[in-house]
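Chains, contacts and geometry: an overview
One-letter residues, chain by chain:
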Amino acid sequence: MSITRKWTTYLLLIAATLVLMFPILYAFSISFMSGAEVLEGKIWPSSFSFENYRDAFEKVPLLHYLINSFAGSIFVMAGQLLVSSLAAFAFVFIKFKGRDAIFFLFISTMMIPWEATMVPNFLTAQKLGWINNYLGLTIPFFALAFGTFLLRQQFKTIPNELYEASQVAGISRFRFFWNVVLPVSKTSLVTLGVYSFLTTWNMYLWPLLVTNTEDVRTVQIGLKQMQTQEISTDWGVVMAAVIVVILPTLLLLFLGQKRLQKGLTQGAIK
Amino acid sequence: NSTGSSEAQETKKTASGKTEVVFWHAMSGDLEKSLNKIVDEYNKSQDKVEVKPVFQGTYEEAQTKFNTVAGTKDAPAIMQTFEVGTKFMIDSGKIQPVQKFIDQDHYDTSQWEKNISSYYQVDGKQYSMPFNSSTPVLVYNKDAFKKAGLDPENPPKTYDELKAAAKKLTEKQGNKTSQYGFSILNYGWFFEELVASQGGLYVDHENGRKGDAEKAGFNGKEGQNAFNLINDMYKEGTFYNVGQNWDDMRAAFQSKKIAMFLDSSAGIKTLVDNAPFDVGVSYIPVPKEEDRQGVAIGGASLWMSKGISDETSKAAWDFMKYLATPEVQAKWHVESGYFAVNPKAYEQDIVKKEWEKYPQLKVTVDQLRETKPTPATQGALISVFPESRQKVVTGMESLYQGVKPKKALDQAAKETNRALEVANQK
Amino acid sequence: MSAVTKTANSPVSVLANPKEKKSMPTIIVGLAYLLPSLLLFSVFLFYPMIKTLYLSLFITDTQGNPLNFVGLQNFLYLFTDPNFLQSMKATFLFVLYTVPIGLVIALFLALIANEKLKGIGFFRTMFSSTMGMSVAASSVIWMFMYNPTIGVINKVLNLVGIHDVQWLLDPKYALVAVSISTIWMNIGFTFLILLGGLQNIDEKLYENARIAGVSYWYQLRKITLPMLSPTLFFIITVSFINAFQTFGQIDILTKGGPTDSTNVIVYSIYKDAFVNYNVGSASAQATILFFCILLVTALQFKLGERKVHYQ
Amino acid sequence: MKKVELVNIGKSYDQKTNVIQDINVTIEPGEFFVLVGPSGCGKSTMLRMIAGLEEVTQGELLIGDVKANKLLPSQRDLSMVFQNYALYPHLTVEQNILFGLHTKKISKQEQQKRCREAAEMLGLSEYLKRKPRQLSGGQRQRVALARAIVTHSPICLMDEPLSNLDAKLRAKMRSEIRQIQRKLGITMIYVTHDQTEAMTMADRMMILNGGNIQQVGRPLDIYNAPKNTFVASFIGSPPMNLSNVSIENNLLVFEDRRAISMSTPHSNLNGKKEVVVGVRPEHIQLATNDNTSFIVEVDNVEILGTETLLTFHMGDKQWMAKWNGQWTIKVGERVPIFIDPKHLFLFDGDTGSCLHYEPSAEDLTVKGALV
Amino acid sequence: MKKVELVNIGKSYDQKTNVIQDINVTIEPGEFFVLVGPSGCGKSTMLRMIAGLEEVTQGELLIGDVKANKLLPSQRDLSMVFQNYALYPHLTVEQNILFGLHTKKISKQEQQKRCREAAEMLGLSEYLKRKPRQLSGGQRQRVALARAIVTHSPICLMDEPLSNLDAKLRAKMRSEIRQIQRKLGITMIYVTHDQTEAMTMADRMMILNGGNIQQVGRPLDIYNAPKNTFVASFIGSPPMNLSNVSIENNLLVFEDRRAISMSTPHSNLNGKKEVVVGVRPEHIQLATNDNTSFIVEVDNVEILGTETLLTFHMGDKQWMAKWNGQWTIKVGERVPIFIDPKHLFLFDGDTGSCLHYEPSAEDLTVKGALV
Ligand SMILES: Nc1ncnc2c1ncn2[C@@H]1O[C@H](COP(=O)(O)OP(=O)(O)OP(=O)(O)O)[C@@H](O)[C@H]1O
Ligand SMILES: Nc1ncnc2c1ncn2[C@@H]1O[C@H](COP(=O)(O)OP(=O)(O)OP(=O)(O)O)[C@@H](O)[C@H]1O
Ligand SMILES: [Mg+2]
Ligand SMILES: [Mg+2]
């Protein structure tokens, strides 16, 4: 690569990074400002005080919410991985009539607007007694068309010989699934795991609906709790909460970026 | 949701044997902190009842949820609902009027601020317990008044004065306006108040208090006055459009983008704290001084669910009574900026001290007390209020797009009528 | 093993044995593996969807229970209701603004992040970071940035001499403003997918082009884009579906206003169902939305698939 | 050691056309049996039917005298080695070798013992803890082999197990597999498309083409007496040279009117005039002064160190000659060649079946040579 | 036709260790030059440096007498064929062939003409409208070739272009490529790890190992006079048999105390006692009564139709003998063999370099044979 091309690329990279990261950095900066500073429209705080963070943790049980979000996200992640991989396994390794039709049915679920299903789902959850516990927060999300699709693409790359070899050896189907297919698809599972963790972590409306107590509420609700309507919002505190809320997901993303990218692409391409 | 579920539920008890009262609210931020403190004190003050406050999102979100769980075991004992949800709650059949407990208990409601509690009274029956109430006030920048050669102690009272003052307050550099004279949030409530303060009715049938409303009335003379005011000032360049967001509006005031605006009385204190200038508060303006009827309240009240056990109801009532005591109301008023339901609260020391520090607060209370009790200031009762508000907001917004005030109002009225029609079919 | 040796000694029993031992029909096994998904889908997606279809033919009470059957009246009203037509328009504009532009930006980022340079990993991480941002958190940040008086965007515009723009208040800009923030939120995901697609392209194809001496743009046009087409196809489909279903940022940033300019269908559904309690109308809108998405996706598969080159 | 018998076996994937048909063959216990044929001829299909991975749609399959058509793969008591080895990439070599042994109800101790033995036999002992991706192609091949060995199944099936290896390694593994099979005495059914592999490894082999058996027999018998042109050109490297000729007065006349004489008039030509003549490259010799068959112009010369390959045109075809030694011949040079009539094969021009050949006299033994 | 010169070329990817080093060679105009060596020895690296796809980190590269170290690939006026062909899957054969030709400022007409010519030459005419995935391996190979041809570049680089093809097709393409190169007279630099390919195609070849040149020369010269044990065992199939021996009184004594005598005392052994002896398989003959070198026990016999391979143990190694004809020998049979001392190679035990060989007398020509 020629020198000029190299430096233009660097220049573009840096410029793009600055533009893209600006909102996050801006929020970070505001999270250290006092109320007056925020209203003056400053870009940089005059001093870095953790006042806002302390306030944020004081105002709502943010720590508790963080733990709930974490537990819920992990739970959904595990559930999605299991349910999706079971389905994907059937779509790849078990031949039966009508398989493609069912697969199409799965894919079509991606098109159902979530808002349209919320009220009936809430009533269902209520009938099942899933209000105010992790069941309601998590189980409705265990089945995921996108995840099934992603894993199906991955499973398709597993040579059929592996399956046949285990058939000859007399290994049961489930054992093959558990001991071979899953470990071999680690990358995609991690990808899907990160993806489901992120999406679950970021849910707001549903958790609000199905929880009535702080015991199981999540950080996104906490974020909403910081903002007020009729009286002034304390922006510094809200931004502090924003930072607290996005920090874990950003961290997760940074750690899993490589795998995520690899896994997502496998799913994207036939 | 079969009606069968409205049978009395079992009384939920806490581990220590106290009766559990679940209390859903929409108070976020500092308000939630204050509310939690009050609840805490109540819980500690006795050993029979344990109130559990639960934040349920915005008023709308909270009500949606209440609507779906009302009558089941997941329903709360006490539900906080915004003022425009009143009719909806009454019609839902999922609540019991507090009048029942007032009667049982021979509770003296005369200690309540009449102008507040009357909003929640229908056919002489008290449906809910007033809790956090506010009214609109005119807030202005005293420093800017001085600078513009206006008397900071004599803010505009009528539309004409307002227009004149706004003209003086508007500062322009070239074609760029650095300070606007006046602003109103694009929020239905302010429009309703502007109509009510002139004695205008929002809907027919005495604002819906003498039977189900069927037609919108807000597009009459009073409503047109209000829309014309906005339209005229906007055209003159003295009115600034701050949108729908309370925070944006206050930010604009605090950063001196606007010199006067209408705000909720509940927001005054923080405003005074944060503004880098002297803040003045006055009554909401009217077209002519003789029109002044006062204001209707905004805010929310507490409702008692149906289908909870008697024991729980009693416990919830006990808590409601506690909330209405002057001491608690004083604290609530001081911390939140909302009115005290019980006027005796204003005689409490902490309130007096607070008023010394924030004389602006007293103005808000005075405005409320001077209000003449009429169907207009009592507030409208319609089930589709939120929807109607959206239509009015859209109407206000369309003003800035150059739509004629009358046309904008009529459109909003037409759509409200249809919503009423649909609702009345149910 | 013992079973087999035994049967080996008595051929007669073998002929009978396999019949008994014959494994379960694969359809049963297959469905067993699909059961959890099917069950959950049925309960939490298909059932509500069917219920929605059903309710769209009724006027409902505030609890969402059907009161009286009105046939297609809900639909007929919607198609004459200027508000709904405005919603449709807003939705299509929103999709139009966000999908192509987001795609182009993400593609640009993916292209520059696909170069082999020192420290490129850092940039890739940065570019993908918005994927970790929740809609709520992002919207709060953007709302603040859009603030006409204290927000940074107008501050910057003022610096270059541009008048204050009332981003979220002016119907001319509100949808654009929401679109910008949406593009920003989605860029991380789109970027990641595209980058992965780029990295799957055989390096040798470019080496051959280098030897042939064709220009960068020619490579982009003749190699990169065609080779990326399966990935592009995937991401376009997903972006379309997501754009049609956007809700969170609208709720926080504009609440559908001003003058309904950002009142996309999903938000309109939400308002009708949760604020105005017109479940019938909301259901009808949801049904329309569902078919819109279905149509667009089907169209895409019909038209797009032909232009996609699978390896 | 078990017998495998195929009776009238046929297979159709789509219930319409047969992919293979009328397969009748008995594979003897302990035999090394090779299935060979060009790509797509149905070798894998046949092997997979024996393994039970593919349903038998016609005929009867007997394994050790037991009808096996409907048995599950695991009930057939056989092991299988796949073309790309089918190793589990996430398991170590040891785990790979032992994977699935548990279903056979073998004690941990016995498993370990078998694994150690197999690993030793195949020189894998030091790699037991590695993952497949850390192994070279040949080592992976051996792991796949070890996995088949430890099951102690009397029958082993292999589907082109060497085709992913390079030429040198392939030659080595060829003899390794053969030696192990002899040592363990298992019945081996081995699929390949490489005739060299088939020739060097098979006790007997079956040549398939288009789903039909072409010939079954010992490699040398097939080499020396191919039943038809397909077999003749498929077996042997470089392949047998074939050309259409017409018979005119005991002469075989090529299309370009060159001719060679037949040794004696052949009775079984049934008066056919158009036949195909075949000559193996090694039987085309440099003519000495008195016996030139024809003079050819050399198209290409390839010197492989110990032998030289000449390419030239003959009638409508390119022919090849293989000579020992390093020959310095220029492209375009004209070279006189001689073909001994006794080395000529004659095939039916229409059916391709062999009409005539002279049984080879070359049956060399060390004893014979020493004399 | 252009010359390519490498002067002291070296390459390092990580600025620390060299992947290849000290490469000095001149590739003559119109020459077919083959780079051969085991996997990972640096062949591709070298080729890619010549192409300009990889930076030259040491030394000087001259293309047609012009210093080319810094030239862009497109400025070097060469074409390249990649191992997996690097065809554009979304373009038709025709578009693939013409890809990038527009940069050469060639008229549409001329492009079409070249494409037609190349397609005809390679038998692709009927496939011009197809996509690569609709072609067989051999056809894809030809498209890649055509793409290189149409550029009319004087130099063509090929990186293992045949390794994805099966044995038969490979043999065919080998001679096709050779013929095209001759016809067009281009300078060809060809990378392979297959010694047969190198032997049969090269005018000259360079054998690389671990980034170092082992030997450069004509294939037969290298075959007959390998410079060291690496070359000796790399070139030739089956490879040369090598064993450690000690020299005792003009005898080469193997580790198992068997011995063969050297023909004459060799002067250039410098008194070394431990050497490596090498014998090509074709030089191990069946002994006649009076000249037995030793008796060996046969480990394996492979009959390839026209020749027979015997495997047996010799000292610490397995040796192979290649005999013409079909030999019926049982595994385990004891066979007397004879090795002519004149066919012995001796290598330095430490450095592996060749100490002694007798120039081959076999330089056969048709003329010589006819006499
Ligand atoms: N699952 C299948 N469905 C339909 N047809 C198939 C299937 N598997 C193989 N065939 C067809 O059956 C024929 C024989 O295939 P088979 O795989 O047995 O060939 P093969 O001899 O093993 O070839 P190769 O040497 O390429 O492996 C081919 O024409 C192939 O297209
Ligand atoms: N991009 C690279 N970065 C670092 N090391 C490399 C790179 N490419 C090749 N190498 C190393 O350089 C050495 C030579 O590689 P090269 O690809 O030239 O081998 P080769 O002879 O072509 O082998 P093969 O026959 O397997 O293609 C190897 O050790 C390889 O690991
Ligand atoms: Mg096969
Ligand atoms: Mg290479």
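Residues numbered from 1 in each chain as written. Chains lettered and ligands numbered in written order. Predicted model: local features only at pLDDT ≥ 70, side-chain atom pairs only at ≥ 80, totals over all residues. Heavy atoms only, no water.

What about the packing of aromatic side chains?
- Using the criterion set out here, one finds 94 aromatic pairs over all chains in the structure.
- Relative to Y53(A), the ring of F32(A) has its centre 5.4 Å away and its plane inclined at 45°; by these criteria the two rings are tilted. Here F32(A) is found in the loop between helix 1 (3–30) and helix 2 (35–39), whereas its partner Y53(A) is found in helix 3 (residues 51–59), with 21 residues between them in sequence. Taken as a pair, F32(A) and Y53(A) share a single burial class, namely buried.
- Measuring from centroid to centroid gives 5.9 Å for W332(B) and Y338(B), while their planes differ by 15°, and the two rings are stacked.
- The exposure class assigned to W332(B) is buried, which follows from its relative accessible area of 0%.
- Through pairs of rings, three or more aromatic residues link up here, namely F91(A), F103(A), F106(A), F146(A), F149(A), Y195(A), F41(C), F46(C), F189(C) and F234(C).
- Directly above the ring of Y119(B) sits R209(B), whose terminal nitrogen or CZ lies 5.3 Å from the centroid.
- Note that R258(E) overlies the ring of F294(E), its terminal NZ or CZ placed 5.6 Å from the centroid. (Phe/Tyr/Trp six-rings, centres within 6.5 Å; stacked < 30°, edge-to-face > 60°. Helix = DSSP H or I, 4+ residues; strand = E, 2+ residues; numbered from the N terminus. Buried < 20%, exposed > 50% of the residue type's maximum accessible area, 1.4 Å probe, protein only. Lys NZ or Arg CZ within 6 Å of the ring centre and 35° of its normal.)

Looking at the domain arrangement of chain D
Residues and elements named next belong to chain D.
- With domains assigned, chain D is organised as domain 1 (4–224) and domain 2 (229–352).
- Centre-to-centre, using C-alpha coordinates, domain 1 lies 38 Å away from domain 2.
- Taken together, the 15 residues of domain 1 in the interface contact nine residues of domain 2.
- Carbon and sulfur atoms supply 70% of the area buried between domain 1 and domain 2, which totals about 960 Å² over both sides.
- Summed over the three residues of domain 1 that lose the most area to domain 2, namely Q195, I207 and Y223, the buried surface amounts to 56% of that side.
- On inspection of domain 1 and its partner domain 2, the count reaches zero salt bridges.
- Here domain 1 is connected to domain 2 by three residue pairs in polar contact (both at pLDDT 80 or more). (Domains from an automatic or database assignment. Contact = heavy atoms within 4.5 Å. Buried area = accessible area lost by both parts, 1.4 Å probe. Salt bridge = Lys/Arg side-chain N within 4 Å of Asp/Glu carboxyl O. Polar contact = N/O pair within 3.5 Å; in protein donor to acceptor, adjacent residues only side chain to side chain.)

Some remarks on the site of ligand 2
All names here are of chain E.
- Within the structure, ligand 2 sits among Y13, V19, S39, G40, C41, G42, K43, S44, T45 and E160.
- Within the side chain of Y13, an N or O atom sits 3.2 Å from a nitrogen atom of ligand 2.
- For ligand 2, an oxygen atom lies 3.2 Å from a polar atom in the backbone of C41.
- Relative to its unbound accessible area of 630 Å², ligand 2 is 55% covered by the protein chains.
- Tallied by class, residues from the shell around ligand 2 come to three nonpolar, five polar and two charged. (Near = heavy atom within 4 Å. Areas by Shrake-Rupley, 256 points an atom, 1.4 Å probe, with all protein chains shown as cover. Nonpolar A, V, L, I, M, F, W, Y, C, P; charged D, E, K, R; others polar.)

Describing the packing of helix 5 (residues 99–108) of chain A against helix 8 (residues 145–156) of chain A
Residues and elements named next belong to chain A.
- Contact pair helix 5 / helix 8: the axes reach a minimum separation of 8 Å and the direction vectors enclose 130°. Regarding the angle of helix 5 to helix 8, the classification is oblique. The two elements helix 5 and helix 8 meet at a crossing, and its hand is left-handed. Here F103, F106 and I107 of helix 5 lie close against helix 8, whose contacting residues are A145, T148, F149 and R152.
- Of the residues that constitute the contact of helix 5 with helix 8, the class distribution is five nonpolar, one polar and one charged. (Axes fitted to C-alpha atoms, helices over the stretch in contact; angles between N-to-C directions. Parallel < 35°, antiparallel > 145°, perpendicular 65-115°, else oblique. Left-handed = near helix turned anticlockwise from the far one by under 90°.)

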